[in-house]
Amino acid sequence: FSSMELEGVEAVDPRAFTALLTGLTKGALYGDSIHTHTFLVDQLFVDSEIPADTLGALFDFCERVLRRAASEDWSAVRLEAFLRQNDVLKEEALVAAFVNFWRNERAKLHDHMYKKSCCNDSLLRLSWRVDVKTKARHVKELNDPVALLEMTKGTGDGKQSVLQLELSRAKAMEILATLNDVQDVIASRTQEVSQYNEWGCSLPERQVAYHEPSRDASSRNLRRK
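Conventions used here
- Residues numbered from 1 in each chain as written.
- Predicted model: local features only at pLDDT ≥ 70, side-chain atom pairs only at ≥ 80, totals over all residues.
- Heavy atoms only, no water.
- Salt bridge = Lys/Arg side-chain N within 4 Å of Asp/Glu carboxyl O.
- Helix = DSSP H or I, 4+ residues; strand = E, 2+ residues; numbered from the N terminus.
- Buried < 20%, exposed > 50% of the residue type's maximum accessible area, 1.4 Å probe, protein only.
- Core = buried A, V, L, I, M, F, W, Y, C linked by side-chain atoms within 4.5 Å.
- Contact = heavy atoms within 4.5 Å.
- Patch = residues over 30% accessible without salt bridge, like charges linked within 9 Å, V, L, I, M, F, W, Y side chains within 5 Å.
- Areas by Shrake-Rupley, 256 points an atom, 1.4 Å probe, with all protein chains shown as cover.
- Axes fitted to C-alpha atoms, helices over the stretch in contact; angles between N-to-C directions.
- Left-handed = near helix turned anticlockwise from the far one by under 90°.
- Nonpolar A, V, L, I, M, F, W, Y, C, P; charged D, E, K, R; others polar.
- Phe/Tyr/Trp six-rings, centres within 6.5 Å; stacked < 30°, edge-to-face > 60°.
- Polar contact = N/O pair within 3.5 Å; in protein donor to acceptor, adjacent residues only side chain to side chain.

Draft legend 1. Seen up close, the pattern of salt bridges. Taken as a whole and assessed by the stated rule, the structure comprises nine salt bridges. One salt bridge connects K108 with E105, and the closest N-O pair in it is separated by 3.4 Å. Taken together, the residues span about one helical turn, with K108 and E105 both in helix α5 (residues 92–117) at a distance of three residues. Judged by its relative accessible area of 19%, E105 is buried. A salt bridge links E174 to K171, with the nearest nitrogen and oxygen atoms 3.4 Å apart.

Draft legend 2. The arrangement of the nonpolar core in detail. Ranked by size, the top nonpolar core spans 36 residues in total, and within it F17, L89 and F98 carry the most contacts. Of all the secondary-structure elements, those providing two or more residues to this core are α1 (14–29), α3 (52–72), α4 (76–86) and α5. Residues contacting L89, with those up to four places away along its chain left out, are F17, L58, F61, L83, L94, V95 and F98.

Draft legend 3. Inspection of unusual backbone geometry at higher detail. Positioned with a positive phi, D73 is a non-glycine residue whose angle comes to about 55°. Position of D73 among the secondary structure elements: in the loop between α3 and α4. For D73, a relative accessible area of 29% translates into the label partly exposed.

Draft legend 4. Fine view of a nonpolar patch on the surface. The grouping of M173, I175, L176 and L179 at the surface amounts to a nonpolar patch, some 380 Å² of accessible area in total. Within the element layout of this structure, I175 appears in helix α6 (residues 169–196).

Draft legend 5. Main features of the packing of α3 against α4. Orientation of α3 relative to α4, taken along the N-to-C sense of each, is 145°, at an axis distance of 11 Å. Pair α3 / α4 crosses with right-handed handedness. Contact with α3, carried on its side by F61, V65, R68 and E72, involves R78, L79, F82 and L83 of α4 and no other residues of that element. Looking at the contact of α3 with α4, its residues break down into five nonpolar, no polar and three charged.

Draft legend 6. Main features of the packing of aromatic side chains. Taken as a whole and assessed by the stated rule, the structure comprises three aromatic pairs. On the numbers, 5.1 Å between centres and 55° between planes, the contact of W74 with F82 is tilted. In this pair, the class of W74 matches that of F82, namely buried.

Draft legend 7. Molecular detail of the side chain of H35. Here H35 shows up in the loop between α1 and α2 (37–44). On the basis of relative accessible area, H35 is assigned to the buried category, the value being 19%. Looking at H35, its side chain comes within polar contact range of the side chain of D32, at 3.0 Å. Residues contacting H35, with those up to four places away along its chain left out, are G23, K26, G27 and L40.

These figures capture arrangement, not role.
Here you go:
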C-alpha cells in the first residue's frame, strides 16, 4: 500500500478503529457473515468524510495483517515494528490501538487459526523421563540409560489416544538426528514462504499455523511399564 491509497486515514477515531478491528476479526477470521465491509461502514463510518477507496484499502490492509499475525503468532512487539515499518497507519493513536487490540486477542486468534488449519492428527502433549537400568534377568549389572516417552495424540473429531515408548540411547540418538533433519527442512521452507509473502505479493486465503506441543513437567513421573 502506498500513502496515496490511505490518504485521510488519520481522521479515523481510535475507538472506531478498535471496533473496526473487532468487526474484521469476526467477519474475516471467524467467518461471521453479518460483519461484512458494508455492515462495518454503515455502523462505524456512515457520517465520515473519509473516501470510500481509503476505507476499502484500510479494511484490506487490516485483514491481511490480522491473518498473517494470527497464522505466525506474532508478538505485540513484532506487530508494532511491522506497522511502523510499513508506515500505513501514520497516526500514532491508530498504531497503539492496533497493538492493544492484538495483545488482548492474540492467543484466541492464533488458536482459532491453528485449529482451522489442522485436518490430520496432531500431537497434543509430550512427556518424558530418563531412567537407568541397573540389572536384567540375564545380566547382573547394567548402567544403560533409557528414555520413557508418552505422547498424546488428538484427532480431528476431538478424540485422544496415548502412545508410550521405551528407547535405548542408540535409538533416541537416531530419532533426534531425524528430527533435526525435519527441523532444517521446515526452517528452510518457512524462510521461502516469508520471502514470498512480502507485501508486494498477495497472501493466501489460508495459511497453516504452527502450534508447538507443550511439555508437561509433571508428566516426568511416568510409571514404568
